[in-house]
Amino acid sequence: TQLLEQSPQFLSIQEGENLTVYCNSSSVFSSLQWYRQEPGEGPVLLVTVVTGGEVKKLKRLTFQFGDARKDSSLHITAAQTGDTGLYLCAGRNYQLIWGAGTKLIIKP
Amino acid sequence: SQTIHQWPATLVQPVGSPLSLECTVEGTSNPNLYWYRQAAGRGLQLLFYSVGIGQISSEVPQNLSASRPQDRQFILSSKKLLLSDSGFYLCAWTLQGMYGYTFGSGTRLTVV
């Protein structure tokens, strides 16, 4: 069974702080996606990383795909209350494997 | 532009009653369609996927079934709901060769 482990499961920090969430597996993925989900809504795709070592930036969010394509991280700089949500990673090989998510709360 | 519609948004059903959730996609052709269930605030469990009309693959044996009567319509059904069927159901689509999935806004099902 392929697993994609996200950590931490829950994170609550003050506005303005930096944070990193992780997505780790023993499996190699051809690509990895990050989604953000707000309560009562479906997940929204943030980014897809494809190449080992790839770094993508989306405003204050920085996504990195591990060199071996087994892990990924999401770093948020100067978090804002609007960043609050559930962050999900999903890795693809012959199927799409989902992590359990990191629930992020940014306090004003 | 492509859009996905999922309804109803919320549903409260008694145990033993039937279920029908509908999902439609607009603005694209031949999408791959998916039904997921999500436990409260957690990850997604794939229930069914379809790569074409009448083609349904089931990932988890359970009390649910799916049908795809038209290219852009995907239906999730049950003949008799169980308490354990409660959850947040999400429909999603993608195209062959695309990386990301586009999700509907979900249906919160509570079986009482």
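Preceding block: the structure.
Rules used throughout
Residues numbered from 1 in each chain as written. Chains lettered and ligands numbered in written order. Predicted model: local features only at pLDDT ≥ 70, side-chain atom pairs only at ≥ 80, totals over all residues. Heavy atoms only, no water. Disulfide = S-S within 2.5 Å. Helix = DSSP H or I, 4+ residues; strand = E, 2+ residues; numbered from the N terminus. Buried < 20%, exposed > 50% of the residue type's maximum accessible area, 1.4 Å probe, protein only. Contact = heavy atoms within 4.5 Å. Buried area = accessible area lost by both parts, 1.4 Å probe. Salt bridge = Lys/Arg side-chain N within 4 Å of Asp/Glu carboxyl O. Polar contact = N/O pair within 3.5 Å; in protein donor to acceptor, adjacent residues only side chain to side chain. Pairing = 2+ DSSP bridges. Phe/Tyr/Trp six-rings, centres within 6.5 Å; stacked < 30°, edge-to-face > 60°.

A. Structural view of the state of the cysteines. Residues and elements named next belong to chain B. In total, this model carries two disulfides over all chains according to the counting rule given. One disulfide bridge connects Cys-23 with Cys-91, the sulfur atoms lying 2.0 Å from each other. What sets the handedness of the Cys-23 and Cys-91 disulfide is the S-S torsion sign, and at about -75° it is left-handed. With a gap of 68 residues between them, Cys-23 in strand S3 (residues 19–26) and Cys-91 in strand S9 (residues 87–94) connect regions that are remote in the sequence. Neither residue differs from the other here; Cys-23 and Cys-91 are each classed as buried.

B. Seen up close, the interface of chain A and chain B. Each partner contributes to the interface: chain A provides 20 residues, whereas chain B provides 14 residues. Each partner contributes to the roughly 1400 Å² buried at the junction of chain A and chain B, and carbon and sulfur atoms together form 54% of this total. Counting across the interface, chain A meets chain B through zero salt bridges. Summed over the shared surface of chain A and chain B, the number is five residue pairs in polar contact (both at pLDDT 80 or more). Top contributing element to the side of chain A that touches chain B by residue count: strand S4 (residues 31–37) of chain A, with four residues.

C. Representation of the pairing of strand S8 (residues 71–76) of chain A in the model. Residues and elements named next belong to chain A. Judged from the six bridges that link them, strand S3 (residues 19–24) and S8 form a sheet pairing that is antiparallel. When the bridges of S8 are listed, Asn-24 appears paired with Asp-71. As paired strands, strand S7 (residues 61–65) and S8 are joined by five bridges and run antiparallel to one another. Bridge pairing links Gln-64 to Ser-73 in S8. Turn length for the S7-S8 hairpin, with the two strands adjacent in sequence and antiparallel, is five residues, and the turn residue Arg-69 shows positive phi of about 60°.

D. Structural view of the pairing of strand S6 (residues 55–58) of chain A. All names here are of chain A. Of the pairings in the sheet, the one linking S6 to S7 comprises four bridges and is antiparallel in character. In the strand pairing of S7, Lys-56 is matched with Phe-63. Following S6, the chain reverses through two residues before pairing antiparallel with S7; Lys-59 in that reversal takes a positive phi of roughly 55°.

E. Main features of the packing of aromatic side chains. Here the structure, examined in full by the defined rule, presents 11 aromatic pairs over all chains. Relative to B:Phe103, the ring of B:Tyr101 has its centre 6.4 Å away and its plane inclined at 40°; by these criteria the two rings are tilted. Since its relative accessible area comes to 9%, B:Phe103 is described here as buried. By the ring-pair criterion, three or more aromatic residues cluster together here, those being A:Tyr35, A:Trp98, B:Tyr34, B:Tyr36, B:Tyr49, B:Tyr101 and B:Phe103.

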